Amino acid sequence: MSTSPERMAPDLEIQALSHSAESLQGRVQRTLDAARAQGASDAQAVVSHSVGLELSVRKGEIETLEYERDQSLSLIAYFGQSKGAASTTDFSEQALLDTVEAACRIARYTEPDPHAGMPDPALKAGDWDDLDLDHPWDCDAEQATELARAIEAAGFAADSRIENSEGASVNTRRAIAFLGDSQGFMGGYRSTRHAMSCALVARDDAGMQRDYAYSVARHAADLDACEAIGRMAAERTVRRLGGRKLSTRSCPVLFAPEMARTLIGSFTRAISGPAQYRHSSFLLNAVGEPVFPDWMQIEERPLTPRALGSAPFDGEGVRTRNRPLVADGVLQSYTLDSYAARRLGLESTGNAGGARNVTVKPGERDFAALLAEMGTGFLVTELIGQGVNTVTGDYSRGAAGFWVENGEIQYPVEEITIAGNLKDIYQRIVAVGTDVDRRGNIHTGSILVESMTVAGD
Amino acid sequence: MIDRLAQQTLLDPAGLGDHELTTLLGTTFGRGVDGGDCYFQFACQEGWSLEDGIVKSASFNIERGVGIRVVRGEQTGFAYSDDIAMPALLDAARTARSIADAGQSARIAVASRAPSRPALYAPENPMDSLDEQSKIDLLKEVDAAARAADPRVTQVMCSLSGVHEVVLVLNARGELTTDVRPLVRLSVQVIAQQGDRRESGTSGGGGRFGYRYFLENDRAAGYAREAVRQALVNLEARDAPAGTMKVVLGPGWPGVLLHEAIGHGLEGDFNRKGTSAFSGRIGERVAAKGITIVDDGTLEGRRGSLNVDDEGTATQQTVLIEDGILRGYMQDEMNARLTGVQSTGNGRRESYAHLPMPRMTNTYMLGGEADPEEILASVEDGLYAVNFGGGQVDITSGKFVFSASEAYRVEKGKVTYPVKGATLIGNGPDVLTRVSMVGNDMRLDPGVGTCGKEGQGVPVGVGQPTLRIDGMTVGGTQAA
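Everything numeric here is computed off the predicted structure, so don't read it as measured data.

Draft legend 1. Region of interest: the interface of chain B and chain A. Each partner contributes residues to the interface: chain B has 68 residues there, and chain A has 68 residues. Around 5,500 Å² of area is buried between chain B and chain A when both sides are counted, 50% of it from carbon and sulfur atoms. For the pair chain B and chain A, the number of links is 12 salt bridges. The partner of Lys420 of chain B in a salt bridge is Asp394 of chain A, and the shortest N-O contact between them spans 3.3 Å. Summed over the shared surface of chain B and chain A, the result is 36 residue pairs in polar contact (both at pLDDT 80 or more). Sort the elements by how many residues they give to the side of chain B that touches chain A and strand S2 (residues 54-72) of chain B lands first, with 11 residues. Grouping the constituent residues of the side of chain B that touches chain A by class yields 23 nonpolar, 29 polar and 16 charged. When strand S3 (residues 82-88) of chain A meets S2 of chain B, the two strands line up parallel, connected through 4 bridges.

Structure (structure tokens):
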């Protein structure tokens, strides 16, 4: 057991947090102590706090200026194998006691679950590297206004068919969180997240189209330039004008990187602990089985410095590690917290709170080469609706994109669906591009699927 | 007179009286400010969930805070605080006010507004409507009913949740309005297995009342049996067809069609900005003759209903489409002011930490003349969809989807066999012009809907009669 010291950048005046690390740790400790005093056999508490600024500009004028300041305290109290959870946004000492009291009261009514309890102490993070996640940005409302105006102006300037805007926005947020438990774990860190985005509207005789572009990073210096974001938003919007339906057919489908991410997202849901122990996954008991083609590799990389999904330990204090999820197409592991692990007779994989920086190894060809490889088919750049059944793998979603012939984009497509079954779709992946999109928790390039059903006219 | 519960919950603990509220108003609003509000909110919520036959987890959450919004022209300044105390309030007020030019502060008197009509729901805390053991027993009854319904049921997950919310809105004119809102929901999901095949079914219901609703008329067990029925239907389902065909939609929850296809597109913000496929189309035909669609926040006890919206405006019934003609948009205060109309009581927000915007309440189509049996009998070749998951819409292009979770093939006027869930896609501004028959069986959904817009979720309702639509794209895998 160890109490890890905080490793963080000095607290600058900019994006100053209103609660210090010491005061948050103190609050975690008082919550745990109060839970023990109420008779809890074990307890786990999280205290978090964040400050942020969101500014949006529309048609050159400020539209909204929002100052964000959030805080929360949450507790899980165990009474043997029974548990109760409670949380509050109120930081008064009375609210702390009320929250502890509520969690303990609930735990007296819930029934014992043989698998409930704290994580294995041997798996907890003892010491960890600084993952370079805290980069406060000295961006006040005035600077944010200038940036947002520059983004939007670049969008309007890019194409005369851009006739309207839903606005450009700048968002910056800094957070601090501490997790502690009655076994002596105490850990926390600060992190930042900055984003700039723009959504534009274009019109032609056939009607209006809207699309957007965004950039997001831990460090403001890693954000794309304003002009690039505005121009990208304009290009993405204008190219949708004149969209047509396709006739119903089967054809190859190329998922652009931000859409390819959603295919991999369904995979991470299917290998999550709850989907497995509830027998509600199309990849049930699939460890050791080929799920993807034998040339595909997927890793979880929670320890990547500065990445958006990085964390040194999970939501229970279990150490995270970079590890393979799929090797040569074969599923290697599920993503488990300690409860799911006990249910399945396995060890926690440090995934309380989900999988982090799931990374599909890129192939050797870029986007243009994948278009050429597809030859004739559908390039999907937008998906709408839920339409994914995690229990069966059945997949049917609304789509928009482009019809491609001889590796060249022919015309925009809208109001169609693409459908199949994910087990089959995964096996029919023929290539992953080098155009990796790192703006989220899943990092992948474009994904080319040999064939899917397109429904249209 | 301020509602006693709102005063005791939100104002008294912070020592806020008339003097303090007047100071807050003067600091927040005044010259150069067109509108806005101080939105005080207290919300507590509990959730009990059952899995593997035991109630193994439960949670309780309390949120309390104030959001301060200052509106000038099309501009909004916003700050919020989880701390309801005078120094934090004044700090948030000055921050939000920074959007407006530093003008003189003004003296604005606080005037409490009395309710304009009887309440749509009782101001009770639903968590107190049953004791803890009875909540657990209720979930166990659902579990037992689901398992008793069919031996192929392998998993039952159900949850019971209740929210008690107290809001107090003090607007820029000094008008003070309060509302105390209960909300409960019971949800069931089952997994059924036959051989190697597994399918799920879901059901549930709720509204603005206490938990005893679930004990009446065998409702809780009814949800369990309904979820099992759906899962068993899906065990027999064949691949869904792909292509454009006639679609018959069942009554009730399939009204999510209206929510996506036209509801969002008729929200005032998109229309003021000219970004909706419906912008500038009031007075035009957007649906077949005989079709009338309303948004109605005044239905007693419904999940989407509110006595007053989150800006303190009384909710109302707003006619959106009348006999096929587009009549009006749904408005909050700011969008109404900027387009020269009155708020329709549709200004809603997820919480004090979010900005209000025009949102739907209960959106439904009025019933027609046709017998539902006659509608099905009229279809030579098509799809009959009776249950749906969620949907989504692109406001600007008008393209929308909604995903069927229970559907059947219709051949020669007869329902022949179940097909797997498939997404249906269409174009909002013209899908309702293709409605050729409207059933006489209008029904509202059971009280399970949550609508998401710009990251904010709010409870809503939908409803419709059985409808025949002559031509929608069905996203299955089998060439039709």
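Picking up after the structure, the text goes on.
Draft legend 2. Up close: the nonpolar core. Residues Met196 of chain A together with Leu24, Phe40 and Val190 of chain B are the most contacted members of the largest nonpolar core, which totals 123 residues. Dropping the residues within four chain positions of it, Met196 of chain A is found in contact with Trp137, Leu147, Ile151, Ser169, Val170, Ala213, Tyr214, Ser215, Leu223, Asp224, Cys226 and Ile229 of chain A. Counting 50 residues, the second largest nonpolar core, distinct from the first, contains Val253, Ile442, Ile447 and Val454 of chain A.

Draft legend 3. Geometry of unusual backbone geometry. One non-glycine residue with positive phi stands out, namely Asn357 of chain A, at about 50°. Assignment of secondary structure puts Asn357 of chain A in the loop between helix H7 (338-344) and strand S11 (358-360). Exposure remark for Asn357 of chain A: the relative accessible area of 0% places this residue in the buried category. Residue Asp323 of chain B is not a glycine yet carries a positive backbone phi of 50°.

Draft legend 4. Just the packing of helix H1 (residues 21-37) of chain A against helix H2 (residues 93-109) of chain A, in detail. Residue and element names in this part refer to chain A. Remark: H1 packs on H2, axes separated minimally by 9 Å, with the N-to-C direction vectors making an angle of 45°. If you check the angle between H1 and H2, you find them oblique. H1 and H2 meet at a crossing whose hand is right-handed. Between H1, through Arg27, Arg30, Thr31, Ala34 and Ala35, and H2, the contact on the second element is made entirely by Glu93, Leu96, Leu97, Val100 and Cys104. Each residue belonging to the contact of H1 with H2 can be placed in one class, and the counts come to 6 nonpolar, 1 polar and 3 charged.

Draft legend 5. Structural view of the confidence of the model for chain B. The share of residues in chain B with pLDDT of 70 or more is 99%, and the mean pLDDT across the chain is 95. Reported for the predicted complex are a pTM of 0.95 and an ipTM of 0.94.

Procedures and definitions
- Residues numbered from 1 in each chain as written.
- Chains lettered and ligands numbered in written order.
- Predicted model: local features only at pLDDT ≥ 70, side-chain atom pairs only at ≥ 80, totals over all residues.
- Heavy atoms only, no water.
- Contact = heavy atoms within 4.5 Å.
- Buried area = accessible area lost by both parts, 1.4 Å probe.
- Salt bridge = Lys/Arg side-chain N within 4 Å of Asp/Glu carboxyl O.
- Polar contact = N/O pair within 3.5 Å; in protein donor to acceptor, adjacent residues only side chain to side chain.
- Helix = DSSP H or I, 4+ residues; strand = E, 2+ residues; numbered from the N terminus.
- Nonpolar A, V, L, I, M, F, W, Y, C, P; charged D, E, K, R; others polar.
- Pairing = 2+ DSSP bridges.
- Core = buried A, V, L, I, M, F, W, Y, C linked by side-chain atoms within 4.5 Å.
- Buried < 20%, exposed > 50% of the residue type's maximum accessible area, 1.4 Å probe, protein only.
- Axes fitted to C-alpha atoms, helices over the stretch in contact; angles between N-to-C directions.
- Parallel < 35°, antiparallel > 145°, perpendicular 65-115°, else oblique.
- Left-handed = near helix turned anticlockwise from the far one by under 90°.
- pLDDT = per-residue confidence, 0-100.

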